[in-house]
Amino acid sequence: RLAVASLERAMSAVGRTGKKPAPPVPPQEMADRERMLRRPLPPSYRAVAERASQIGGRETLLDAAGMARKKERIDDVSLVPFAEGAEHELFCFDRKSEGEGGELTVYAWKNGEARQVAHSFALWLDEVADRIEDEIASAADVPPSLRALLVQLGFSFDDPIVGRLETGDVAAIEELIGQELAR
């Protein structure tokens, strides 16, 4: 339950920025990930993957092929990556550490070292959702003078996070804020 609630929190926060939720992981891909892990997927991970193939933050959930490619970077046979972070750290399940209900401990792998980051995928995702909500809240902290200027320029703020400008001059907006942010 915690994993699904955390996913919903993360997707809700990211959704406020205009990003659409990712589709669920297809059954064949789910089976491929399970084969890569060489054991049943942790229940919290499966519950999330049945709802979305990505979280929406800086962490990218890996597909089975990505898990296999990233696994080559890890010299600990018990660690299997399931996600990659913004700083290219890998978040991994530890196959040796089965906990209550089939959950696995989560480790971060970076620069040849592993460190435990959560006792389960659900707890890891809860921390990720907290960070996403905090980042989006801080992004909404626009100084009043800047907000006033943007309103004078024609922006509206129906949501504290997203400013909208009704215009047909897409090229000018992309030039102003950059192509990535214009999406």
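Our structure is the block above this text.
Residues numbered from 1 in each chain as written. Predicted model: local features only at pLDDT ≥ 70, side-chain atom pairs only at ≥ 80, totals over all residues. Heavy atoms only, no water.

> Would you explain the packing of aromatic side chains in this entry?
Aromatic ring pairs: the centre-centre distance and the angle between the two ring planes describe each pair. Throughout the structure, instances matching the rule amount to nine aromatic pairs. Look at Tyr 45 and Phe 121: their rings are 5.1 Å apart centre to centre, the planes differ by 80°, and that puts the pair in the edge-to-face class. Remark: Phe 121 occurs in helix H5 (residues 121-139) and Tyr 45 occurs in helix H3 (residues 43-49); sequence separation between them is 76 residues. A single burial state applies to Tyr 45 and to Phe 121, both of which are buried. A connected cluster of aromatic rings, assembled from ring pairs, spans Tyr 45, Phe 82, Phe 91, Phe 93, Phe 121 and Trp 124. (Phe/Tyr/Trp six-rings, centres within 6.5 Å; stacked < 30°, edge-to-face > 60°. Helix = DSSP H or I, 4+ residues; strand = E, 2+ residues; numbered from the N terminus. Buried < 20%, exposed > 50% of the residue type's maximum accessible area, 1.4 Å probe, protein only.)

> Just to check I follow, could you spell out the nonpolar core for this structure?
Inside soluble globular proteins, nonpolar side chains tend to come together where they are buried. In this structure, Phe 82, Trp 124 and Leu 125 are the most contacted members of the largest nonpolar core, which totals 36 residues. Every element with two or more residues in this core is listed here: helix H1 (2-15), helix H2 (27-37), H3, strand S2 (79-84), strand S3 (90-94), strand S4 (106-110), strand S5 (113-118) and H5. Counting residues per element, this core draws most heavily on H5, at eight residues. The contact partners of Leu 125, leaving out residues within four places of it in the chain, are Ala 3, Ser 6, Leu 7, Val 48 and Ile 55. (Core = buried A, V, L, I, M, F, W, Y, C linked by side-chain atoms within 4.5 Å. Contact = heavy atoms within 4.5 Å.)

> Can you help me understand the packing of H1 against H5 in this one?
Remark: H1 packs on H5, axes separated minimally by 8 Å, with the N-to-C direction vectors making an angle of 20°. Between H1 and H5, the angle falls in the class roughly parallel. Considering how the two elements wind past one another, H1 and H5 form a crossing that is left-handed. From H1, Leu 2, Ala 3, Ser 6, Leu 7, Arg 9, Ala 10, Ala 13 and Val 14 reach across to H5, where they touch Ala 122, Leu 123, Leu 125, Asp 126, Ala 129, Asp 130, Ile 132, Glu 133 and Ile 136. A class-by-class count of the residues in the contact of H1 with H5 yields twelve nonpolar, one polar and four charged. (Axes fitted to C-alpha atoms, helices over the stretch in contact; angles between N-to-C directions. Parallel < 35°, antiparallel > 145°, perpendicular 65-115°, else oblique. Left-handed = near helix turned anticlockwise from the far one by under 90°. Nonpolar A, V, L, I, M, F, W, Y, C, P; charged D, E, K, R; others polar.)

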